[in-house]
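Geometric and topological summary
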Amino acid sequence: MFLYNKLLSPDEQSNIVKQLKAAGFDINLTPIDYPESIMTSTIIFSPFTGDPKAVSKAEKILNQMGYSDISQSSFVYKNHWYTRNSIAVILLDDAIEKRQSESQQNLKHKKLVKDDQKSQRFISQACDKKITIIINDNNKFSISPTLKPDFVSVDDAGQWYFVSDDYLLLETYTKGAGYYFTVKSTDGKKRLTPMNNYLRFTKCVFEEATN
């Protein structure tokens, strides 16, 4: 189970984890912001979940803890995919909604492109592929080389935005698809590290180009 914990207080997180673990769930904390379109507490689940009663079991536990009106969404919600034996839990109440609103406003002001530039290139390192990710100041991105020679497809471009302070999403124009990266600064340079083993970026990290 993936528990979105960025907006939970330490006491809330501790109590939720304790109750769910006691019920037999393995918990992975997910410290990224909620999708903006989430309006109520939600359980996202894979249709391949091994235990068909796991979702209702989790919902019952959360109801007993005071989280009511929990929605259920199968397979994919926006760019948050759960395609294997997994469940994700996103919890909202009045206090969490306020924290969510403040966090999302702060993320909208985060930048990857310097004020005096229109775009920033990130060059692949530590792998045998030469790949460039171009981040534009209008929240568009493109990847070079393209998957198909001399042809820009919906998988080679899209929109970028921060989903949390140190987590970046490159959302391609392919519906529901995208790439997640962590963003760190080292020696004054930003570095993008893929969060999953994407075949396109196998073993690559991306460093901010200086010229």
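Residues numbered from 1 in each chain as written. Predicted model: local features only at pLDDT ≥ 70, side-chain atom pairs only at ≥ 80, totals over all residues. Heavy atoms only, no water.

Enumeration over the complete set of coordinates arrives at one disulfide. Linked covalently through their sulfurs, Cys127 and Cys204 form a disulfide whose S-S length is 2.0 Å. Looking down the S-S bond of the Cys127 and Cys204 bridge, the torsion is 90°, so its handedness is right-handed. With Cys127 in the loop between strand E8 (119-125) and strand E9 (132-136) and Cys204 in the loop between strand E14 (189-194) and strand E15 (205-208), this residue pair connects regions lying 77 residues apart in the sequence. What makes Cys127 partly exposed here is its relative accessible area of 23%. (Disulfide = S-S within 2.5 Å. Helix = DSSP H or I, 4+ residues; strand = E, 2+ residues; numbered from the N terminus. Buried < 20%, exposed > 50% of the residue type's maximum accessible area, 1.4 Å probe, protein only.)

Turning our eyes to something else, we now look at the sheet that holds strand E7 (residues 87-90). What links the strands of a sheet is backbone hydrogen bonding, and the strands pair in either a parallel or an antiparallel sense. Read across the open sheet, the five strands follow the order E2-E1-E7-E3-E4; overall the sheet is mixed. The open sheet has two free edges, formed respectively by strand E2 (28-30) and strand E4 (71-74), since each of these has just one partner strand. On average, each strand axis in the sheet is inclined to that of its neighbour by 20°, with strand direction left out of account. Inspection of the sheet shows strand E1 (residues 2-4) paired to E7 by two bridges, in the parallel sense. What sits directly across from Phe2, in E7, is Ala88. (Pairing = 2+ DSSP bridges. Axes fitted to C-alpha atoms, helices over the stretch in contact; angles between N-to-C directions.)

Our next topic: the pairing of E14. The pairing of strand E13 (residues 178-186) with E14 spans six bridges and is classified as antiparallel. From the neighbouring strand, Phe181 faces E14, where its bridge partner is Pro194. Adjacent in sequence and paired antiparallel, E13 and E14 are bridged by two residues, among which Asp187 carries a positive phi angle near 55°. Two elements, E14 and E15, share two bridges in a ladder whose sense is antiparallel. Paired with Arg191 across the two strands is Glu207, which belongs to E15.

Glancing now at the pattern of salt bridges. A full pass over the atoms with the stated rule returns three salt bridges. Here Arg200 ties to Asp156 by a salt bridge, and the two come within 2.7 Å at their closest N and O atoms. Separated by 44 residues along the polypeptide, Arg200 in the loop between E14 and E15 and Asp156 in the loop between strand E10 (140-144) and strand E11 (157-164) bring together distant segments of the chain. The exposure class assigned to Arg200 is buried, which follows from its relative accessible area of 11%. Residue class for Asp156 comes out buried when judged on its relative accessible area of 1%. For Lys184, the salt bridge goes to Asp166, with nearest N and O atoms at 3.9 Å. Placement of the pair is Lys184 in strand E13 and Asp166 in the loop between E11 and strand E12 (167-172), with a sequence separation of 18 residues. The class of Lys184 is partly exposed, set by a relative accessible area of 46%. (Salt bridge = Lys/Arg side-chain N within 4 Å of Asp/Glu carboxyl O.)

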